[in-house]
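Results of the structural survey
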Amino acid sequence: MWRLIFSFRKILLVRRIEEYLNKLVVAKKISNAHDFPSNRIFLVDHHVCHAASAYRTSGLGRALVITIDGSGDGYSTVVYKGGDGNLEFIAGASEEASLGKLYSNVTLGLGFKKLSDEGKVMGLAACGNPDLFYPIIDEAIRVVDIDRLHFEKKYDLVGNGFARLIKNEYLKRFTREDIAAATQRKFEETVIAIVKHFVDKTGIRHVVFAGGAASNVLMNQKVRELDIVDGLYVFPNMGDGGLSAGAALEVCYWQTHKNSISKIDDVYWGPEYSNEEIREAISRNGLKADWVDKIDDKIAGLICEGYLVARVQGRMEFGPRALGNRSVLALPSSREVVERINKLFKRDEFMPFAPSILEDCAPVYLEKYSYSPFMVETFSVKREFLDKFPAVIHVDGTLRPQVVRREVNPGYWNIIKKVGDISSFYIVLNTSYNMHGEPIVCSPQDAINTFLASGIDYLALGNYLLSGNQVYV
Ligand SMILES: [Fe+2]
């Protein structure tokens with residue numbers, strides 16, 4: 001037995017050395033191709049990047065840092081202890097027994113797009129009975145030694161063998177909803193077990209998450225609500241899109257040895273465009289637009305009249321969520337708006353959209369409230385509001401809010417305030433401004449292309465307002 005464990009560790013060690021040497025080769029190629037000094041190229045492990053992105057933007061000196069994704073540099077789940085700026089590796093799960101890959105296999109097996117539609121499986125979960133498929137999914141990955149994050153897997157998760165099994169066999173005996181519900185339960189139970197064990201072991205009650213699986217907003221809610229957890233922070237660009245930020249922050253720490261932990265208030269880190277650039281783009285496309293001095297007041301009025309309004313203002317958001325600056329906005333008071341947005345933007349969402357809520361009102365509408373500015377976790381809606389915002393509340397009574405603080409985005413805050421003054425509820429539906437399958441718009445030209453392709457009612461582009469009824473000059 002010990003000989004077996006020893007030889008397994010030796011294989012892992014050899015693999016790590018191979019991976020490191022491969023990275024050195026890549027670094028050399030980059031250096032040669034771009035005439036960039038090789039001593040300024042730093043190799044940062046995949047999960048260290050995830051961990052650094054979350055820990056170094058959390059504002060927390062001490063934190064239990066957990067990264068969960070499909071795989072990266074040999075690991076799928078890693079636990080670190082963050083303290084005084086340092087990230088200490090505690091345990092890592094292999095990429096073969098990956099919780100992220102388990103979820104992706106189910107996504108693929110249910111007929112969705114792997115590494116893209118996992119959120120749809122999470123949405124379906126609320127409509128199924130988790131008990132029926134649970135005995136099967138429970139065997140797919142089992143915890144053998146939680147302290148070492150040693151999991152045992154029954155099925156092929158790397159080569160999508162489990163996805164084929166679901167598609168060819170289990171879907172004949174179970175509904176998609178029941179398979180999704182059992183998968184979500186298994187995922188939540190396993191992550192909660194990891195959190196509980198390492199909170200207990202380290203005594204650290206503040207948890208920070210990153211990695212693609214940290215986009216599972218229902219799981220995040222369950223972890224946040226644990227009695228043993230004092231606070232949860234999820235990096236807003238939790239998937240591999242956030243690796244660049246994590247790598248930069250980590251190398252900065254290595255170089256300066258300064259405790260480089262800060263708390264981010266927003267992720268409006270992308271490009272912005274002047275009204276002059278916007279005017280030129282509108283003119284270049286031969287479009288008709290009106291200049292509006294108080295554009296945010298105008299947007300609020302149009303939303304309250306029942307129109308869909310795209311707002312493209314200021315700096316673009318970093319990460320997967322539009323947080324008001326590249327967003328489609330609408331009243332959340334009717335479910336029909338969901339179908340209308342799906343039709344215009346050629347989407348196939350069956351989930352409700354997410355809302356933006358004024359900070360003062362969020363604790364009024366939501367149970368167990370804590371400040372949540374990045375749409376990374378769900379909250380249960382208080383009973384008396386369940387029928388008030390049907391376009392943004394899921395069948396399980398949860399919503400995924402962006403809580404808007406005035407000083408973080410004054411213009412957007414003003415829109416929601418004005419909408420609330422008219423409609424009585426300080427909440428708007430907010431979905432990203434892009435056609436299905438395309439990235440969120442960035443430039444004025446992107447915004448115009450999507451305006452013409454979708455036929456949305458209004459586009460507020462800087463201080464210019466374009467109406468879907470009067471498109472061309
Ligand atoms: Fe990753």
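Source: prediction; values computed, not measured.

Take helix H8 (residues 217-224) next. Taking burial as the measure, the 8 residues of H8 include 8 buried ones, the bulk of the element. What H8 keeps buried is the set Val-217, Leu-218, Met-219, Asn-220, Gln-221, Lys-222, Val-223 and Arg-224. Those residues of H8 hidden inside the fold are in contact with helix H4 (118-125), helix H7 (176-202), strand E6 (206-210), strand E7 (231-234), strand E12 (379-380) and strand E13 (398-399).

A separate point is the pairing of E7. For E6 and E7, the ladder comprises 4 bridges, and the chain directions are parallel. Looking at the pairing, Val-207 lines up with Leu-232 of E7. Crossover handedness for the path E6 to H8 to E7: right-handed.

Note on helix geometry: an α-helix contains 3.6 residues per turn, so any two residues three or four positions apart are oriented the same way. For helix H10 (residues 275-284), the set of buried residues is Ile-278, Ala-281 and Ile-282. Looking down the long axis of H10, one finds its buried residues gathered within 100° of arc, a one-sided arrangement. Turned more than 90 degrees away from the buried face of H10 sit Glu-276, Ser-283 and Arg-284, all of them exposed. Looking at the buried side of H10, the elements it contacts are helix H15 (444-454), strand E16 (458-461) and strand E17 (464-467). Once H10 finishes, Gly-286 follows within two positions and takes phi at roughly 65°, a positive value.

This paragraph deals with the environment of Leu-465. With respect to the element layout, Leu-465 can be found in strand E17. Among the residues examined, Leu-465 registers 19 C-beta atoms within 10 Å and is labelled partly exposed. With 177 residues separating them along the chain, Leu-465 and Lys-288 place their C-alpha atoms 8.7 Å apart. Once residues lying within four places of it in the same chain are set aside, the contact partners of Leu-465 are Ala-289, Asp-290, Val-292, Ile-295, Lys-298, Tyr-458 and Ala-460.

Contact geometry of helix H3 (residues 99-109) with H7 gives a least axis separation of 11 Å together with a crossing angle of 175°. The pairing of H3 with H7 is recorded here as roughly antiparallel in orientation. For the pair formed by H3 and H7, the contact residues are Leu-99, Tyr-103 and Val-106 on the first element and Ile-179, Thr-183, Phe-187 and Thr-190 on the second. Of the residues contributing to the contact of H3 with H7, the split by class is 5 nonpolar, 2 polar and no charged.

Assigned domains of the chain: these are domain 1 (46-256) and domain 2 (275-467). Centre-to-centre separation of domain 1 and domain 2, based on C-alpha positions: 29 Å. Counting from both sides, the interface comprises 17 residues of domain 1 and, opposite them, 17 residues of domain 2. When residues of the side of domain 1 that touches domain 2 are traced back to their parent elements, those giving at least two are H4 and H8. With 5 residues, the single largest contributor to the side of domain 1 that touches domain 2 is H8.

Structurally, the position occupied by Glu-277 is in helix H10. Between the C-alpha atoms of Glu-277 and Gln-445, which are 168 residues apart in sequence, the distance is 9.8 Å.

Right, let's talk about the nonpolar core for a bit. Core analysis: the largest hydrophobic core is formed by 135 residues, its most contacted members being Ala-51, Val-65, Phe-209, Ile-303, Ala-310 and Ile-416. Considering each element in turn, this core owes the most residues, 9 residues, to H7. When residues of this core are assigned to domains, at least three map to each of domain 1 (46-256) and domain 2 (275-467). Not counting residues up to four positions away in its chain, the partners in contact with Ala-310 are Val-328, Tyr-433, Ala-447, Phe-451, Ile-456, Tyr-458, Leu-459 and Ala-460.

Spatially, 8 strands are ordered E8-E17-E16-E9-E10-E15-E11-E14 in an open sheet, and the strand pairing comes out mixed. Because the sheet does not close on itself, it has two edges, and the strands there are strand E8 (290-291) and strand E14 (402-404). Relative to E17, E16 runs antiparallel, the two being bridged by 4 bridges. The residue of E17 that forms the bridge with Leu-461 is Tyr-464.

With mixed pairing, the 5 strands of this open sheet are ordered in space as E3-E2-E1-E6-E7. Among the strands making up the open sheet, the edge pair consists of strand E3 (86-94) and E7. Here the average twist between neighbouring strands, direction ignored, is 20°. Pairing analysis gives 7 bridges linking strand E1 (residues 63-72) to strand E2 (residues 75-83), with the strands arranged antiparallel.

What follows is about unusual backbone geometry. Within the chain, Asp-35 stands out as a residue other than glycine whose phi angle is a positive 50°. A tally of 6 C-beta atoms within 10 Å means that Asp-35 is categorised as exposed. Non-glycine residue Ser-424 carries a positive phi angle of around 85°. Secondary-structure assignment places Ser-424 in the loop between helix H14 (410-423) and strand E15 (427-432). Assessed through the 9 C-beta atoms surrounding it within 10 Å, Ser-424 is described here as exposed.

Definitions and cut-offs
- Residues numbered from 1 in each chain as written.
- Predicted model: local features only at pLDDT ≥ 70, side-chain atom pairs only at ≥ 80, totals over all residues.
- Buried ≥ 20, exposed ≤ 12 C-beta atoms within 10 Å, placed from the backbone.
- Helix = DSSP H or I, 4+ residues; strand = E, 2+ residues; numbered from the N terminus.
- Contact = placed C-beta atoms within 7 Å.
- Pairing = 2+ DSSP bridges.
- Right-handed = clockwise from strand over helix to strand, strands pointing away.
- Arc of directions from axis to C-beta.
- Axes fitted to C-alpha atoms, helices over the stretch in contact; angles between N-to-C directions.
- Parallel < 35°, antiparallel > 145°, perpendicular 65-115°, else oblique.
- Nonpolar A, V, L, I, M, F, W, Y, C, P; charged D, E, K, R; others polar.
- Domains from an automatic or database assignment.
- Core = buried A, V, L, I, M, F, W, Y, C linked by C-beta atoms within 7 Å.

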